[in-house]
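The residues making up each chain are set out below.
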Amino acid sequence: MSLKVKIQDRDKEVVGKGTIDGVVPFYFKDQGHRWMVRIGQNWTFKERDLVDGSTPSTSAARNKMCWAIAQFRNQSRGVTCA
């Protein structure tokens, strides 16, 4: 996996923008109580955290990014182009 991402640790959110494998667009946003990731044009994952009102951290955001990329790759394995 080659993820190049610029992480911005804002007041109450962590945002990551970049690419996977140098070409696939990647966007991540963690607001503490919920987070989402968009990979490519069509793959999106959203989740609410159990702890409401928590402040997002850069290290937790990186773990979520890696987990989401693994899910994206697993779901993309069976896709073939006609």
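Note: the structure precedes this text.
The text that follows walks through the structure, step by step, so that each part is easy to find. (Residues numbered from 1 in each chain as written. Predicted model: local features only at pLDDT ≥ 70, side-chain atom pairs only at ≥ 80, totals over all residues. Heavy atoms only, no water.)

**Some details on the pairing of strand E5 (residues 43–48)**
Thinking step 1. Both strand E4 (residues 34–39) and E5 contribute to a ladder of 6 bridges, which runs antiparallel. Among the inter-strand pairings, isoleucine 39 is bridged to a residue of E5, identified as tryptophan 43.
Thinking step 2. The turn linking E4 back onto E5 is made up of 3 residues, and glycine 40 within it adopts a positive phi angle of 70 degrees. (Pairing = 2+ DSSP bridges. Helix = DSSP H or I, 4+ residues; strand = E, 2+ residues; numbered from the N terminus.)

**Describing the pairing of E4**
Thinking step 1. The pairing of strand E3 (residues 24–30) with E4 spans 5 bridges and is antiparallel. Residue tyrosine 27 lies in a different strand from E4, and its bridge partner there is arginine 38.
Thinking step 2. The antiparallel hairpin formed by E3 and E4 contains 3 residues in its connecting segment, where glycine 32 sits at a positive phi of about 90 degrees.

**Points about the side chain of lysine 64**
Thinking step 1. Topologically, lysine 64 is positioned in helix H1 (residues 58–76).
Thinking step 2. Classification of lysine 64 by relative accessible area gives buried; the value is 16%.
Thinking step 3. Here aspartate 30 takes part through its side chain, which lies 2.9 Å from a polar atom of the side chain of lysine 64.
Thinking step 4. Ignoring sequence-local partners within four residues, the contact set of lysine 64 consists of Phe28, Asp30, Trp35 and Asp49. (Buried < 20%, exposed > 50% of the residue type's maximum accessible area, 1.4 Å probe, protein only. Polar contact = N/O pair within 3.5 Å; in protein donor to acceptor, adjacent residues only side chain to side chain. Contact = heavy atoms within 4.5 Å.)

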